[in-house]
Amino acid sequence: MHLTTNALVLREVNYKESDKILTLLTEKEGKLTVSARGCRKKGSPIAAACQLLAWGEFTLYEFNGLWSVKETASERLFDGIRSVLEKVALASYFAEVTEALAEEGQPDPGLLSVTLNCLHALDKLNLPLPQVKTAYEWRAMALAGYEPQLARCGVCGREQPRQPHIHLGEGTVHCAACREQLGEGVSMPLTAGSLAALRHIVWGPRKRLLSFRADEESLRRLSDASETYLMTRLERGFRTMDFYKAITYKPAARPPRES
């Protein structure tokens, strides 16, 4: 059986002397694990497309239940990401989360689209990295069935919660004063700007996913909440996020010493 489909490389693992095992998110068959034989040999015609974050056309063949790469045509390598370490780390995080959310053999055009859109943003758009990060996290989680309840306070029903928070376990926004009426777990503070941006990310059109503005504090709170919400719901951490945070961490400035 042969299959020709566009696909994004989510993971690569070196195998034997010159092969790789790839995890692909394909348009036609969803997530697939495939063997790329000889792709690490010098001059291999499939080498360019068989690297992490490459997007291209793959011709695959199946034998005894295993998929292998026959031909490739790389269409986009996101070179603007590969030259900046912080972008490489964040893009790798997107790939790791997408792999965790995608199901083997189940097409997921929404998840593929949001991942490609956010990779494009890192590659070509001059946006703050936390803005791209939080947009990816909230939209990917919503597509995976973890959309939070954002229409109103989950306790009192106010459309604009007072001092808005989001309860990570219950998956709902609420007023600060309503916190005690929700169950155990963590609630994280937002701002009115954070909540407006979050509603845009989750409810807005796909093509305008990143067309929101938030002040620095609102964006920081929203990004912190999205990361923690994702890890709480999926009940796991991500090594790529640990690396991203390690290289972007900026310690608070020390006060000047008295003379």
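Scope of this entry: the structure provided in the associated data block. Quantities reported herein were computed from a predicted structural model and do not represent experimental measurements. (Residues numbered from 1 in each chain as written. Predicted model: local features only at pLDDT ≥ 70, side-chain atom pairs only at ≥ 80, totals over all residues. Heavy atoms only, no water.)

1. With respect to the overall build of the chain
Then step 1. When you go through the chain residue by residue, the secondary structure sums to seven helices and eight strands.
Then step 2. Residues counted as buried form 47% of the 259 residues belonging to the chain.
Then step 3. Sequence separation of 24 or more characterises 60% of the internal contacts of the chain that already satisfy a separation of 6 or more.
Then step 4. Summed over all atoms, the accessible surface of the chain reaches about 13,700 Å², with 49% contributed by carbon and sulfur.
Then step 5. One finds the centroid of the 34 positive side-chain charges in the chain at a distance of 4 Å from the centroid of its 31 negative side-chain charges. (Helix = DSSP H or I, 4+ residues; strand = E, 2+ residues; numbered from the N terminus. Buried < 20%, exposed > 50% of the residue type's maximum accessible area, 1.4 Å probe, protein only. Contact = heavy atoms within 4.5 Å. Areas by Shrake-Rupley, 256 points an atom, 1.4 Å probe, with all protein chains shown as cover. Lys, Arg positive; Asp, Glu negative; His and termini not counted. Charge placed at Lys NZ, Arg CZ, Asp CG, Glu CD.)

2. Thoughts on the sheet that holds strand E8 (residues 187-189)
Then step 1. Strand order in the open sheet made by the three strands is E7-E6-E8, with antiparallel pairing throughout. Only two strands of the sheet have a single neighbouring strand rather than two, namely strand E7 (172-174) and E8. In this sheet, adjacent strand axes meet at a mean angle of 30° when their direction is disregarded.
Then step 2. Examined bridge by bridge, strand E6 (residues 165-167) and E7 share three bridges and lie antiparallel to one another. Residue histidine 167 lies in a different strand from E7, and its bridge partner there is threonine 172. (Pairing = 2+ DSSP bridges. Axes fitted to C-alpha atoms, helices over the stretch in contact; angles between N-to-C directions.)

3. Notes on the packing of helix H2 (residues 85-101) against helix H4 (residues 129-146)
Then step 1. At a minimum axis distance of 11 Å, the contact between H2 and H4 shows a crossing angle of 5°. It follows that H2 is roughly parallel to H4 by the angle criterion. Between H2 and H4, the residues in contact are Glu86, Lys87, Leu90, Tyr93, Phe94, Val97, Thr98 and Leu101 and Leu129, Val132, Lys133, Tyr136, Glu137, Ala140, Met141 and Ala144, respectively.
Then step 2. Class assignment of the residues belonging to the contact of H2 with H4 gives a composition of eleven nonpolar, one polar and four charged. (Parallel < 35°, antiparallel > 145°, perpendicular 65-115°, else oblique. Nonpolar A, V, L, I, M, F, W, Y, C, P; charged D, E, K, R; others polar.)

4. Some words on a negative patch on the surface
Then step 1. A surface patch of negative charge is lined by Glu27, Glu57, Glu71 and Glu75.
Then step 2. Structurally, glutamate 27 is set in the loop between strand E2 (19-26) and strand E3 (30-36). (Patch = residues over 30% accessible without salt bridge, like charges linked within 9 Å, V, L, I, M, F, W, Y side chains within 5 Å. Salt bridge = Lys/Arg side-chain N within 4 Å of Asp/Glu carboxyl O.)

5. Description of the pattern of salt bridges
Then step 1. Scanning the model with the defined rule gives ten salt bridges in all.
Then step 2. One salt bridge in this structure joins lysine 20 and glutamate 12, with 2.6 Å as the shortest N-O distance.
Then step 3. Using a relative accessible area of 12% as the deciding quantity, one classes lysine 20 as buried.
Then step 4. For glutamate 227, the salt bridge identified is with lysine 245, shortest N-O distance 2.9 Å. Of the two residues, glutamate 227 is situated in helix H6 (residues 216-234) and lysine 245 in helix H7 (residues 239-248); the sequence distance between them amounts to 18 residues.

6. Describing H6
Then step 1. For H6, which comprises 19 residues, the first-to-last C-alpha distance of 27 Å matches the rise-based estimate of 27 Å (1.5 Å per residue) to within 8%.
Then step 2. Among all positions of H6, only Ser218, Leu219, Leu222, Ser223, Ala225, Ser226, Glu227, Tyr229, Leu230 and Leu234 are buried.
Then step 3. Of the residues that open H6, the one with a side-chain oxygen 3.1 Å from the backbone nitrogen of glutamate 217 is aspartate 215.
Then step 4. Positive phi appears at glutamate 235, one or two residues downstream of H6, with a value of about 55°. (Expected span 1.5 Å × (residues − 1). Polar contact = N/O pair within 3.5 Å; in protein donor to acceptor, adjacent residues only side chain to side chain.)

7. Some points on the nonpolar core
Then step 1. Of all hydrophobic cores here, the largest spans 55 residues; its most connected members are Leu8, Tyr93, Phe94, Leu119, Leu122, Trp138 and Ile166.
Then step 2. Among residues more than four places away in sequence, those in contact with tyrosine 93 are Glu137, Leu230, Phe238, Thr240 and Met241.
Then step 3. In terms of nonpolar packing, the next biggest core, distinct from the first, is built from 17 residues, Ala7, Leu32, Ala54 and Phe58 among them. (Core = buried A, V, L, I, M, F, W, Y, C linked by side-chain atoms within 4.5 Å.)

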